[in-house]
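# Summary of the model geometry
Residues per chain are reported as follows:
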Amino acid sequence: MSRLPHLVREAGIALDVYLAGRSSGAFNRAAFILADDCAELAGKLFLSAQPGWTDAKPNGRFKSFVAITEEVRARVASTRPADAPTVATLTAALESRRERRNGFFHSAHLLDLTLFARDCVEALTDMLDYGAMLFPADPAQFGSGWAAHVPGAGAMETAEALIRLDRRAYAEPELLPQVTAILAKERRIGTQRTKGCAVALHPDDHHLRLAIRDGGNALRDRLRALL
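Just so you know, these numbers come straight off a predicted model, no measurement behind them.

This brings us to the overall build of the protein chain. Looking only at helices and strands, the protein chain features nine helices and zero strands. In the protein chain, the succession of helices and strands from N to C terminus is α-α-α-α-α-α-α-α-α. Across the 227 residues in the protein chain, those meeting the buried criterion constitute 42%. A separation of at least 24 residues holds for 69% of the contacts in the protein chain among residues at least 6 apart in sequence. Carbon together with sulfur atoms contributes 55% to the accessible area of the protein chain, which is approximately 12,000 Å² in total.

Right, here's the structure in full:
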């Protein structure tokens, strides 16, 4: 499925947006909306594997988000019944978030609504689970599958490990100091010049972005070891 790598990269961008403001919450709303968008695209891409499927209704208008998730549930139930309960749980959560997401665009009184980190973390991890569930390795339909494209999407593996740890930490708060200890070991100094010295001590969110970018597989594996 040639468009799947593009979808995975879009999902990776949603993670990046959230992590760019992880401590400040500056981009929570944007990340929440992007997670919703990626989930909708995942459902449509999954259904488009069926010959003749379209996301348009007979009158030419696009099918609603809920219409898409209903078709996804029906398709999974008929072809992969063992996965049907998990997909049903995920789509129910996605549908609930879609109502909230639409409110951001249609209700001016929500402009000052605060989205908490947990809202975004749960939306992002559900989106990732949904994508991985819909696109397993299947040469006939989905090729190598969702998971195979994640390593090629920048530092998405590291970002995903960090966000999944954030979600687990809501139930296991002892994880947070361990994550902080790992990140604290990542380089925080900025630039040095050949003549004289210019040092930048990056604030937390900037440092986190640099750590994810430069930490490579070593940082990814240290975070995964906590999962």
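Our next topic: the side chain of Thr125. By the secondary structure assignment, Thr125 is in helix α5 (residues 117-134). A residue is classified by how much of its surface remains accessible, and Thr125, at 2% relative accessible area, is buried. Here Glu122 takes part through its backbone oxygen, which lies 3.3 Å from a polar atom of the side chain of Thr125. Excluding its chain neighbours within four sequence positions, the residues that come into contact with Thr125 are Ile163, Arg164 and Arg167.

We now examine the packing of aromatic side chains. Applying the stated criterion across every chain, the model contains one aromatic pair. Between the aromatic rings of Phe46 and Phe135, the centroid separation amounts to 6.4 Å while the plane-to-plane angle is 80°, which identifies the pairing as edge-to-face. Residue Phe46 is located in helix α2 (residues 28-47), and its partner Phe135 is located in the loop between α5 and α6 (146-149); the two are separated by 89 residues in the primary sequence. Exposure remark for Phe135: the relative accessible area of 1% places this residue in the buried category. For the cation-ring pair, Arg100 lies above Phe32, with the distance from its terminal atom to the ring centre recorded as 5.9 Å.

Moving on, we come to the nonpolar core. If you look at the biggest cluster of nonpolar residues, it comprises 57 residues, and the most contacted ones within it are Val72, Met127, Phe135, Trp146 and Met156. Breaking this core down by element, the ones donating at least two residues are α1 (4-19), α2, α3 (65-79), α4 (84-106), α5, α7 (156-169), α8 (175-184) and α9 (204-224). Those residues in contact with Met127, other than ones at most four positions away along the chain, are Ala11, Ala14, Ala35, Cys38 and Ala39.

The predicted model of the protein chain has a mean per-residue pLDDT of 88, with 87% of residues at 70 or higher. The least confident element of the protein chain, judged by mean pLDDT, is α4 at 87; the most confident is α7 at 97.

Rules and cut-offs
- Residues numbered from 1 in each chain as written.
- Predicted model: local features only at pLDDT ≥ 70, side-chain atom pairs only at ≥ 80, totals over all residues.
- Heavy atoms only, no water.
- Helix = DSSP H or I, 4+ residues; strand = E, 2+ residues; numbered from the N terminus.
- Buried < 20%, exposed > 50% of the residue type's maximum accessible area, 1.4 Å probe, protein only.
- Contact = heavy atoms within 4.5 Å.
- Areas by Shrake-Rupley, 256 points an atom, 1.4 Å probe, with all protein chains shown as cover.
- Polar contact = N/O pair within 3.5 Å; in protein donor to acceptor, adjacent residues only side chain to side chain.
- Phe/Tyr/Trp six-rings, centres within 6.5 Å; stacked < 30°, edge-to-face > 60°.
- Lys NZ or Arg CZ within 6 Å of the ring centre and 35° of its normal.
- Core = buried A, V, L, I, M, F, W, Y, C linked by side-chain atoms within 4.5 Å.
- pLDDT = per-residue confidence, 0-100.

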